Amino acid sequence: MGSQDKDKGSAAAEVGVTVGNCSPEDAHTVLDLLEHSFSGEAEAGRAAEGGQAATVWGATLDAAKPAERQAAPVRLKDTVSVTLQGGPRAVDRVQAALAGYFTVEVAGAVSGDQEKEIGLRIRS
């Protein structure tokens, strides 16, 4: 395998995560959980879009390896909207990690050969 093949594998493990329709505390709870659950460096691009108050938060995860479950319980104040986008297996890993902590409802999904996007609603 050449270095180009390695890069393809790495890109397939990246999952873009956006969190919205929730309080800043709930958004940070979800992103912190995911960033600590997967090995590798997350790009904490928690940029707010919109006016003075943040409405969307995001991060990019390296989901090459399955998540390790944390022992501490995780609670959310309200329902949180999460969108996952990336390689199908990597997106499935992140979705499974969320399902290990929260009740997860699929709100919609679009799949292609190389990429999957799924909208979720999660709650404690």
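Small disclaimer: the values here were computed from a predicted structure and weren't measured.

Chemist: Explain unusual backbone geometry here, please?
Modeler: For residues other than glycine, phi is negative in most cases, and the peptide bonds are mostly trans. You will see that Asn21, though not glycine, has its phi angle at about 55°, which is positive. Tracing the sequence through the fold places Asn21 in the loop between β1 (14-20) and α2 (24-37). A residue is classified by how much of its surface remains accessible, and Asn21, at 65% relative accessible area, is exposed.

Chemist: How do you make sense of α2 when you look at a structure like this?
Modeler: The end-to-end C-alpha distance of α2 is 20 Å, a good match for the 20 Å that 14 residues give at a rise of 1.5 Å each. For α2, the secondary structure elements touched by its buried residues are β1, β2 (56-62), β3 (80-86), α3 (88-99) and β5 (116-123).

Chemist: Please clarify how the pairing of β5 should be interpreted in this entry.
Modeler: In the case of a regular strand, side chains alternate between the two sheet surfaces. Strand direction decides the pairing type here: β3 and β5, joined by seven bridges, are antiparallel. Within β5, the residue paired with Ser81 across the bridge is Arg121. Judged from the eight bridges that link them, strand β4 (residues 103-111) and β5 form a sheet pairing that is antiparallel. Paired with Ser111 across the strands is Lys116, a residue of β5. With antiparallel pairing between neighbouring strands as the criterion, β4 and β5 make up a hairpin whose turn holds four residues.

Chemist: Please explain the nonpolar core as it appears in this structure.
Modeler: Soluble globular proteins tend to pack their nonpolar side chains together in the buried interior. The biggest cluster of nonpolar side chains holds 29 residues, and the ones touching the most others in it are Val82 and Leu84. Among the elements of the structure, β1, α2, β2, β3, α3 and β5 are those that each provide at least two residues to this core. With residues near it in sequence (within four places) discarded, Val82 still touches Val17, Thr18, Val19, Val30, Leu98, Ile118, Gly119, Leu120 and Ile122.

Chemist: Would you mind showing me how to read the sheet that holds β2 here?
Modeler: Strand pairing in a sheet relies on backbone hydrogen bonds, with the paired strands running either antiparallel or parallel. Strand order in the open sheet formed by five strands is β2-β1-β3-β5-β4, and the pairing between neighbours is antiparallel. A single partner strand is all that each edge strand has here, and the edge strands are β2 and β4. Neighbour-to-neighbour, the strand axes of the sheet open up by a mean angle of 20°, direction not taken into account. Most of the contacts of α2 go to β2, to which it runs at about 5°, and overall it touches β1, β2, β3 and β5.

Chemist: For this particular structure, what's the right way to read the confidence of the model for the protein chain?
Modeler: As a general rule, the predicted coordinates of low-pLDDT regions are not to be interpreted in detail. Across the protein chain, the average pLDDT comes to 82, with 79% of residues at or above 70. Ranking the helices and strands of the protein chain by mean pLDDT puts β5 first, with 98, and helix α1 (residues 3-13) last, with 55. Confidence over residues 1-8 falls short of pLDDT 50; this stretch has zero contacts with residues more than four positions distant or in other chains.

Chemist: What is the right way to read α3 from this model?
Modeler: Note: α-helices contain 3.6 residues per turn, so residues at a spacing of three or four share the same orientation. Between its terminal C-alpha atoms α3 stretches 16 Å, which fits the 16 Å expected from 12 residues at 1.5 Å a residue. Residues of α3 that are buried: Ala90, Val91, Val94, Gln95, Ala97 and Leu98. Along the long axis of α3, the arc covered by the buried residues comes to 155°, so they all point the same way. Set apart from the buried face of α3 by more than 90 degrees, the exposed residues are Arg89 and Ala96.

Reading guide: rules and limits
- Residues numbered from 1 in each chain as written.
- Predicted model: local features only at pLDDT ≥ 70, side-chain atom pairs only at ≥ 80, totals over all residues.
- Heavy atoms only, no water.
- Helix = DSSP H or I, 4+ residues; strand = E, 2+ residues; numbered from the N terminus.
- Buried < 20%, exposed > 50% of the residue type's maximum accessible area, 1.4 Å probe, protein only.
- Expected span 1.5 Å × (residues − 1).
- Contact = heavy atoms within 4.5 Å.
- Pairing = 2+ DSSP bridges.
- Core = buried A, V, L, I, M, F, W, Y, C linked by side-chain atoms within 4.5 Å.
- Axes fitted to C-alpha atoms, helices over the stretch in contact; angles between N-to-C directions.
- pLDDT = per-residue confidence, 0-100.
- Arc of directions from axis to C-beta.

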